[in-house]
Amino acid sequence: MESSNPVFSRRGAFGQQASGPVPSAYQFEAMYNAPTYAPPRTMTMDDVVVRSFLTLGTLVAVGALAWVFVPERIANAVAVAAVVVGLIFWAILTFGRKVNPVLVLGFAASYGVAVGVISHAYNSVYNGIVLQAVVGTALAFGAMLAVYAFRIVRVTPKFVRFVIAAGLALVGLMVLNLLVSIFHVGGIGIRENGPLGIIFSVAAILVGCLYLLLDFSSIEDGVRSGAPEKASWLAAFGLTLSLVWIYLELLRFLSYFYSRD
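In what follows, the accompanying structure is described.

What counts and how
- Residues numbered from 1 in each chain as written.
- Predicted model: local features only at pLDDT ≥ 70, side-chain atom pairs only at ≥ 80, totals over all residues.
- Heavy atoms only, no water.
- Helix = DSSP H or I, 4+ residues; strand = E, 2+ residues; numbered from the N terminus.
- Buried < 20%, exposed > 50% of the residue type's maximum accessible area, 1.4 Å probe, protein only.
- Contact = heavy atoms within 4.5 Å.
- Areas by Shrake-Rupley, 256 points an atom, 1.4 Å probe, with all protein chains shown as cover.
- Core = buried A, V, L, I, M, F, W, Y, C linked by side-chain atoms within 4.5 Å.
- Phe/Tyr/Trp six-rings, centres within 6.5 Å; stacked < 30°, edge-to-face > 60°.
- Lys NZ or Arg CZ within 6 Å of the ring centre and 35° of its normal.
- Salt bridge = Lys/Arg side-chain N within 4 Å of Asp/Glu carboxyl O.
- 1 Å grid on protein atoms, 1.4 Å probe; cavity = no way out; pocket = protein on both sides within 12 Å on 5 of 7 lines; lining within 4 Å.
- Points joined across faces, edges and corners; volume = space filled by probe spheres on them.

### Points about the overall build of the protein chain
Consideration 1: Along the protein chain, the regular secondary structure elements total eight helices and zero strands.
Consideration 2: Residues counted as buried form 33% of the 261 residues belonging to the protein chain.
Consideration 3: Across the protein chain, every contact between residues at least 6 apart in sequence was considered, and the portion connecting residues at least 24 apart equals 78%.
Consideration 4: For the protein chain, the accessible area works out to roughly 16400 Å², and carbon and sulfur atoms hold 70% of it.

Encoded structure:
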């Protein structure tokens, strides 16, 4: 008796006779040996940690080489050139559509040269300031990670807009100060040893710490939403950029108190 269930009926899916030519033995073997489809791997927290260590490790290693081998007479020119190259990498990574590990490591290497030269210059004048800035940067990172983990500060869209606006305002003031210092004697006082300079450095350090919260939030969102594995390089790039910002601002902030001794 023929079942009325189409699954078991000869009129159903299993009852239909195959149409078309039967595959040959060679085609069957090729189908058997063909690799099975595997979906692309998504980003994990371990990926972010590993890429961040690689990026920061590249920056530190290149910075140490620049500290040792860049002559003092050309240090300023080398630092400026390294910053320009780093900005080019930053622009490509920020406005480009693809994440490229070579660009991320290139950014880390170029900024490593600048950081190494600048650190050497500061440490030559203020002995021990680099170690203090490194410790301060590590403490800031740990503190912001705890703040984010315990949800002391929640990264809302309004908070993101505020932090981005604050960062752009600080960069704008730095550019204005640079232009004024080029065409006039001195600047507008935000990079000098005085109350205004100290307040500006504290604000810049705080904004850098807030950017770490944005980095943590974007990393968590990427892992949760199943972002592609390569996105971990972009996360490492963001963390490195924020940490370099905090470190350089700490160097300047600490130098104000060294010079008062």
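Next comes the rest of the description.
### Let's talk about the nonpolar core
Consideration 1: In this structure, Met144, Leu212, Leu213, Phe216 and Leu251 are the most contacted members of the largest nonpolar core, which totals 42 residues.
Consideration 2: The set of elements that each furnish at least two residues to this core consists of helix 2 (45-69), helix 4 (101-125), helix 5 (129-149), helix 6 (157-183), helix 7 (195-225) and helix 8 (231-258).
Consideration 3: Leaving out residues up to four positions away in the same chain, methionine 144 has contacts with Cys209, Leu212, Leu213 and Phe216.
Consideration 4: Among the nonpolar cores identified, the runner-up in size contains six residues, and Ala166, Leu170, Phe200 and Ala204 belong to it.

### Points about the packing of aromatic side chains
Consideration 1: Taken as a whole and judged by the stated rule, the model has eight aromatic pairs.
Consideration 2: Both rings, one in tyrosine 126 and one in tyrosine 258, keep their centres 5.7 Å apart while their planes meet at 55°; by these two values the pair is tilted. Taken together, the residues span a long stretch of sequence, with tyrosine 126 in the loop between helix 4 and helix 5 and tyrosine 258 in helix 8 at a distance of 132 residues.
Consideration 3: The ring of tyrosine 148 has arginine 151 sitting right over it, with the charged end atom 4.7 Å from the ring centre.

### Some words on the environment of alanine 64
Consideration 1: Looking at the secondary structure, you find alanine 64 in helix 2.
Consideration 2: Taking the C-alpha atoms as reference, alanine 64 lies 9.5 Å from serine 119; in sequence the two are 55 residues apart.

### Some remarks on the pattern of salt bridges
Consideration 1: Tallying each qualifying case throughout the model produces eight salt bridges.
Consideration 2: Ionic pairing is found between glutamate 220 and arginine 151, a salt bridge with its closest N-O pair at 3.1 Å. Highlighted residues: glutamate 220 in helix 7 and arginine 151 in the loop between helix 5 and helix 6, separated in sequence by 69 residues.
Consideration 3: Between arginine 224 and aspartate 221 there is a salt bridge, and its shortest N-O distance comes to 3.0 Å. Of the two residues, arginine 224 and aspartate 221 both sit in helix 7, three residues apart, roughly one turn of that helix.
Consideration 4: With a relative accessible area of 36%, aspartate 221 lands in the partly exposed category.

### Notes on the layout of surface pockets
Consideration 1: By volume, the second largest pocket is sized at about 820 Å³.
Consideration 2: Taken together, 28 residues form the lining of the second largest pocket, with Ser52, Leu56, Thr137, Phe141 and Leu243 sitting closest to its centre.
Consideration 3: Elements with a contribution of two residues or more to the lining of the second largest pocket: helix 2, helix 4, helix 5, helix 7 and helix 8.
Consideration 4: Residue contributions to the lining of the second largest pocket peak at eleven residues, all from helix 2.

### A few points about the side chain of serine 110
Consideration 1: In this structure, serine 110 sits in helix 4.
Consideration 2: Non-local contacts of serine 110, meaning those with residues more than four positions away in its chain, are made with Ala82, Val85, Gly86 and Phe89.

### Looking at the environment of arginine 41
Consideration 1: By the secondary structure assignment, arginine 41 is in the loop between helix 1 (25-33) and helix 2.
Consideration 2: Classification of arginine 41 as partly exposed rests on a relative accessible area of 45%.
Consideration 3: Through-space distance from the C-alpha of arginine 41 to that of glycine 226 is 8.6 Å; in sequence the pair is 185 residues apart.
Consideration 4: Excluding its chain neighbours within four sequence positions, the residues that come into contact with arginine 41 are Asp47, Pro228 and Glu229.

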